[in-house]
Amino acid sequence: MKAGINEFLEALKARTPGEREFHQAVQEVVESVWDVYQKNPRYQKAKILERIVEPERTIIFRVPWIDDRGEVQVNRGFRVEFNSAIGPYKGGLRFHPTVTLSVLKFLGFEQTFKNSLTTLPMGGGKGGSDFSPKGKSDNEIMRFCQSFMSELYRHIGPNTDVPAGDIGVGGREIGFLFGQYKRLRNEFTGVLTGKGIGWGGSLIRPEATGFGSVYFVQHMLNTLGKEIEGKTFSVSGFGNVAWGAILKINELGGKVVTISGPDGYIYDADGIKGEKVNYLLELRASNNDIVQPYAEEFGAQFIAGKKPWECAVDIAIPCATENEVNLEDAKMLVKNGCFLVAETSNMGCTAEAVTYLTEAITFAPGKAVNAGGVAVSGLEMSQNSIRMNWPKEEVDMYLHRIMKEIHDTCVKYGKTGNKVNYVVGANIGGFVKVADAMLAQGVV
Ligand code: 2IT
């Protein structure tokens, strides 16, 4: 690592002790943009890097609620408003016991560059809570969402900060959150995305992250002279993102043989298709956070306590959570013939896995591959602003176009010889636009 980078990261770590996930996300970006930064004295003079790693605002609050037995529960709520240089803060809410300030700072930081890559005017933010939806009743989830929004509502707005879903926050939770916001503000506005179709949501938003990821894979394959038809995929996770990706892979003639949960993974040699894909939605709605019931329902294999990366496939699409692919997993994938990894979870691969995969095969990072989700959130905001609903063909057409533009940006900034370094391309492409906007707006 270059001495300057090391010095920068050491100073960051001293200022933000223990924020491991945040440090990991910053290190990847700083390593990618360092040379661009060194060549631009205006960036340096304006201390763009020092400013860009500091959230504009961080809100941490108590979320008290009453469970079904009448007992008081207390969780912690967060909203990290990271960067508003190119638009209102935009990014999801995560409800999961692993949520910490460090996790949300890494996510908000990533979101800033991801949103920049989408070409739409959205800044970066992320929020959530250490609340675990697992095993909770719908009423408990509603009471939690209402309490969470009773504080959050004063910090957000359609031109200020527009949250959406992430892990543990889907259509049901967005509904409860939106209802409480509307009640408190007495305003029906596009303050959240991922809304239901009948009340301001956008067609294709539920599918968008998965669809966008597969469109991105199509472009990656094109540059290699290959196509999706006939390829075998391993997918991790079983939520909304995995569901969308699996739908699109099937449509394009690929075969998906795995999904996974915290309990282990499913291997379905016949392919996860047809009614099996819709079953994923039932699994998620059950609030149990396990995939094993799939094996019982469809007679597939369940491998307890393991990750799907030990299976032989052509292409791997991690769709679950951060650091779900480590160096050992990455080596196993490559050894078994995998030639492309499209990271669809945010920071789904450890730093070592990213370095290894980038050298060994073709790898693209989450902030490029999974940007279709937030891109369609941006389109939902546009539709809300003009009080219109676009047909699904139109939304899908924009999504296609945006994923192609993100791929083009990665190629523009990341191509050396005949190989594309998608990590470098995405980081520089996302960074330059935000940095230039910060420069133009002065020291704020
Ligand atoms: O990580 C992400 O991009 C999301 N969870 C979606 C964010 C959004 O605002 O739609």
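Note that the structure is a prediction, hence the values are computed from the model and not measured.

*Asks:* Describe the overall build of the chain, with residues and values.
*Replies:* If you tally the helices and strands in the chain, you get 17 helices and 14 strands. The globule rule puts the C-alpha radius of gyration for 444 residues at 22 Å, and the 21 Å found for the chain is close to it. Across its three principal directions, the C-alpha atoms of the chain cover 60 × 55 × 45 Å. Split into buried and exposed, the 444 residues of the chain put 57% on the buried side. Of the contacts made within the chain by residues no fewer than 6 positions apart, 71% connect residues no fewer than 24 positions apart. Summed over its atoms, the accessible surface of the chain is roughly 17800 Å², and 50% of this surface lies on carbon and sulfur atoms. Computed over 49 positive and 51 negative side-chain charges, the inter-centroid distance for the chain is 5 Å.

*Asks:* Could you give an account of the sheet that holds strand β5 (residues 161–165), naming the residues involved and the relevant values?
*Replies:* Two orientations exist for strands paired in a sheet by backbone hydrogen bonds: parallel and antiparallel. Sheet architecture is open: 5 strands sit in the order β1-β2-β4-β3-β5, paired in mixed fashion. Both outer strands of the open sheet, β1 (57–66) and β5, are each paired with one neighbouring strand and no more. Across the sheet, the axes of successive neighbouring strands diverge by a mean angle of 20°, strand direction being ignored. Sitting on the sheet, helix α5 (residues 101–117) is in contact with β1, β2 (72–83), β3 (89–95) and β4 (124–129), with an inclination near 150° to β4.

*Asks:* Got a sec to walk through the pattern of salt bridges? Specific residues and values, please.
*Replies:* Tallied over the entire structure, the rule returns 25 salt bridges. Where D138 meets R172, a salt bridge forms, and the shortest distance between an N and an O atom there is 2.9 Å. Of this pair, D138 sits in helix α6 (residues 138–152) while R172 sits in helix α7 (residues 171–185), and the two are 34 residues apart along the sequence. Here D138 falls in the partly exposed class, since its relative accessible area comes to 44%. Overall, R172 belongs to the partly exposed group, its relative accessible area being 22%. D408 is the salt-bridge partner of K404, the closest N and O atoms lying 2.9 Å from each other. With K404 and D408 both in helix α16 (residues 392–414), this residue pair falls 4 residues apart, about one helical turn. Overall, K404 belongs to the partly exposed group, its relative accessible area being 40%. The partly exposed category is assigned to D408, whose relative accessible area is 37%. Connected through shared salt-bridge partners, R94, K126, D166 and E322 make up one network.

*Asks:* With reference to specific residues and values, describe the environment of M220.
*Replies:* Position of M220 relative to the elements: it lies in helix α8 (residues 205–223). Along the primary structure M220 and L12 are separated by 208 residues, whereas in three dimensions their C-alpha atoms are 34 Å apart. Setting aside its immediate chain neighbours within four residues, M220 contacts L340, V341, T362, F363, A364, H407 and Y422.

*Asks:* Would you mind going over the site of the ligand in detail, with residue names and values included?
*Replies:* As a structural note, the neighbourhood of the ligand is formed by 14 residues, with K90, K114, D166, R205 and S377 the closest of them. At a separation of 2.6 Å, an oxygen atom of the ligand approaches a polar side-chain atom of K90. N346 places a polar side-chain atom, nitrogen or oxygen, 3.0 Å from an oxygen atom of the ligand. Calculation on the ligand without its partners gives an accessible area of 300 Å², and the protein chains cover 94% of this total. Breaking the shell around the ligand down by element, the ones donating at least two residues are β3, α5, β5 and α15 (371–385). A per-class count over the shell around the ligand returns 2 nonpolar, 7 polar and 5 charged.

*Asks:* So what's going on with the sheet that holds strand β7 (residues 255–261)? Which residues, and what values?
*Replies:* Across the sheet, which stays open at both edges, the 7 strands sit in the order β9-β8-β7-β6-β10-β11-β12 with mixed pairing between neighbours. The sheet terminates laterally at β9 (301–304) and β12 (362–364), the two strands that pair on one side only. On average, each strand axis in the sheet is inclined to that of its neighbour by 15°, with strand direction left out of account. Bridging between β7 and strand β8 (residues 264–267) involves 4 bridges; their strand directions are antiparallel. In the strand pairing of β8, I259 is matched with I266.

What counts and what doesn't
Residues numbered from 1 in each chain as written. Predicted model: local features only at pLDDT ≥ 70, side-chain atom pairs only at ≥ 80, totals over all residues. Heavy atoms only, no water. Helix = DSSP H or I, 4+ residues; strand = E, 2+ residues; numbered from the N terminus. Rg over C-alpha atoms; globule rule 2.2 N^0.38 Å. Buried < 20%, exposed > 50% of the residue type's maximum accessible area, 1.4 Å probe, protein only. Contact = heavy atoms within 4.5 Å. Areas by Shrake-Rupley, 256 points an atom, 1.4 Å probe, with all protein chains shown as cover. Lys, Arg positive; Asp, Glu negative; His and termini not counted. Charge placed at Lys NZ, Arg CZ, Asp CG, Glu CD. Pairing = 2+ DSSP bridges. Axes fitted to C-alpha atoms, helices over the stretch in contact; angles between N-to-C directions. Salt bridge = Lys/Arg side-chain N within 4 Å of Asp/Glu carboxyl O. Near = heavy atom within 4 Å. Polar contact = N/O pair within 3.5 Å; in protein donor to acceptor, adjacent residues only side chain to side chain. Nonpolar A, V, L, I, M, F, W, Y, C, P; charged D, E, K, R; others polar.

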